[in-house]
Amino acid sequence: MQTLITQMRACTLCKDLPLGPKPIFQLDPSATVLIVGQAPGRITHKKGRPFDDPSGERLRAWMGVDKTTFYDDPRMGIFPMGLCFPGTGASGDNPPPPICAQTWRKPVMDVLQNVRLTLVLGAYAIEWHLPQLKGSSVVKAVRHASDGRDGVFVLPHPSPRNNRWLRQNPWFEQDVVPRIQDTVRQCLGG
């Protein structure tokens, strides 16, 4: 794992990124919880730390963990589909460059042998981790994985931009979030 981490931190496969390559992830071989998102955003790129924003506050609340546990407990892993900020497009951030997942995903997932819970956020993460749901709506994907079957939950993005989705789908925070919190507690031994 240390060799992979060193190689990923030095990765410059995508030299044409608007802010340049800056791989951002959090991995340890003892990870029991894995958060899989799309790619770091502009704020994450600047701070160098994933989910250190309002989205992260909501994600930690959904998981039932504090900031210290989220960032300092080696059992918490964060491994986006794209390791660097891909730039901004017409309707938000660009998709993660496919070369990133093609290069790093399988070798890292092969080493992460202790993961008991995977939290999947976004279409590209869904496509890789739950290919049978490729092209599904967020509602359908979240409902499909709402019981944590096989140790996987699909979550809507925790961004404040999704407040409307959360209002329209109150079942997620009422029914699914408590299951996520229970599972996270079990994975962290609490």
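Note that the structure is a prediction, hence the values are computed from the model and not measured. (Residues numbered from 1 in each chain as written. Predicted model: local features only at pLDDT ≥ 70, side-chain atom pairs only at ≥ 80, totals over all residues. Heavy atoms only, no water.)

Trainee: Can you tell me about helix H1 (residues 2-9), naming the residues and giving the values?
Mentor: Those residues of H1 that fall on the buried side of the exposure criterion are Leu4, Ile5 and Met8. For H1, the angular spread of the buried residues around the axis is 100°, confining them to a single face. Within H1, the exposed residues directed more than 90 degrees away from the buried face are Gln2, Thr3 and Thr6. Lining the buried residues of H1 we find helix H5 (98-111). (Buried < 20%, exposed > 50% of the residue type's maximum accessible area, 1.4 Å probe, protein only. Helix = DSSP H or I, 4+ residues; strand = E, 2+ residues; numbered from the N terminus. Arc of directions from axis to C-beta. Contact = heavy atoms within 4.5 Å.)

Trainee: Go over the pattern of salt bridges, please, and point to the residues and values.
Mentor: Under the counting rule described, the total for this entry stands at eight salt bridges. A salt bridge links lysine 106 to aspartate 110; its shortest N-O distance comes to 2.9 Å. Remark: aspartate 110 and lysine 106 occur in helix H5; sequence separation between them is four residues, near one turn of the helix. For lysine 106, a relative accessible area of 52% puts it in the exposed group. Among the salt bridges present, the one from aspartate 182 reaches arginine 185, with a minimum N-O distance of 2.3 Å. Remark: arginine 185 and aspartate 182 occur in helix H9 (residues 171-187); sequence separation between them is three residues, near one turn of the helix. When its relative accessible area of 38% is taken as the criterion, aspartate 182 is described as partly exposed. (Salt bridge = Lys/Arg side-chain N within 4 Å of Asp/Glu carboxyl O.)

Trainee: Give a description of helix H3 (residues 54-63) that names residues and reports values.
Mentor: Listing the buried residues of H3 in full gives Ser55, Gly56, Leu59, Arg60, Trp62 and Met63. When H3 is viewed along its axis, its buried side chains cluster within an angular range of 160° and face the same direction. Backbone nitrogen of serine 55 and a side-chain oxygen of the N-cap are separated by 3.1 Å at the start of H3; the cap is aspartate 53. (Polar contact = N/O pair within 3.5 Å; in protein donor to acceptor, adjacent residues only side chain to side chain.)

Trainee: Which residues make up the packing of H3 against H9, and what values do they have?
Mentor: For the pair H3 and H9, the least separation of the axes is 7 Å and the interaxial angle reads 75°. Of the possible angle classes, the one that applies to H3 and H9 is roughly perpendicular. Where H3 approaches H9, its residues Ala61, Trp62 and Met63 are matched on the opposing element by Phe172, Glu173, Val177, Ile180, Gln181 and Val184. For the contact of H3 with H9, the class distribution of residues is seven nonpolar, one polar and one charged. (Axes fitted to C-alpha atoms, helices over the stretch in contact; angles between N-to-C directions. Parallel < 35°, antiparallel > 145°, perpendicular 65-115°, else oblique. Nonpolar A, V, L, I, M, F, W, Y, C, P; charged D, E, K, R; others polar.)

Trainee: Outline the environment of arginine 9, supporting the account with residue identities and numerical values.
Mentor: Relative to the helices and strands, arginine 9 resides in helix H1. Along the backbone, arginine 9 and serine 146 are 137 residues apart, and their C-alpha atoms lie at a distance of 33 Å. Filtering out sequence-adjacent residues up to four positions away, arginine 9 remains in contact with Pro23 and Phe25.

Trainee: For the packing of aromatic side chains, give the residues involved together with the corresponding values.
Mentor: The tally for this structure, following the rule as stated, stands at five aromatic pairs. When the centroid spacing of 6.3 Å and the interplanar angle of 85° are considered together, the rings of phenylalanine 51 and phenylalanine 70 count as edge-to-face. With phenylalanine 51 in the loop between helix H2 (42-47) and H3 and phenylalanine 70 in helix H4 (residues 67-72), this residue pair connects regions lying 19 residues apart in the sequence. For phenylalanine 51, a relative accessible area of 13% translates into the label buried. Its relative accessible area of 0% is what places phenylalanine 70 among the buried residues. The interplanar angle of 70° and the centroid separation of 6.1 Å between the aromatic rings of tryptophan 165 and phenylalanine 172 together place this pair among those described as edge-to-face. (Phe/Tyr/Trp six-rings, centres within 6.5 Å; stacked < 30°, edge-to-face > 60°.)

Trainee: Break down the environment of tyrosine 71 for me, citing the residues and quoting the values.
Mentor: Looking at the secondary structure, you find tyrosine 71 in helix H4. According to the relative accessible area criterion, tyrosine 71 is buried, its value standing at 12%. Taking the C-alpha atoms as reference, tyrosine 71 lies 8.8 Å from arginine 49; in sequence the two are 22 residues apart.

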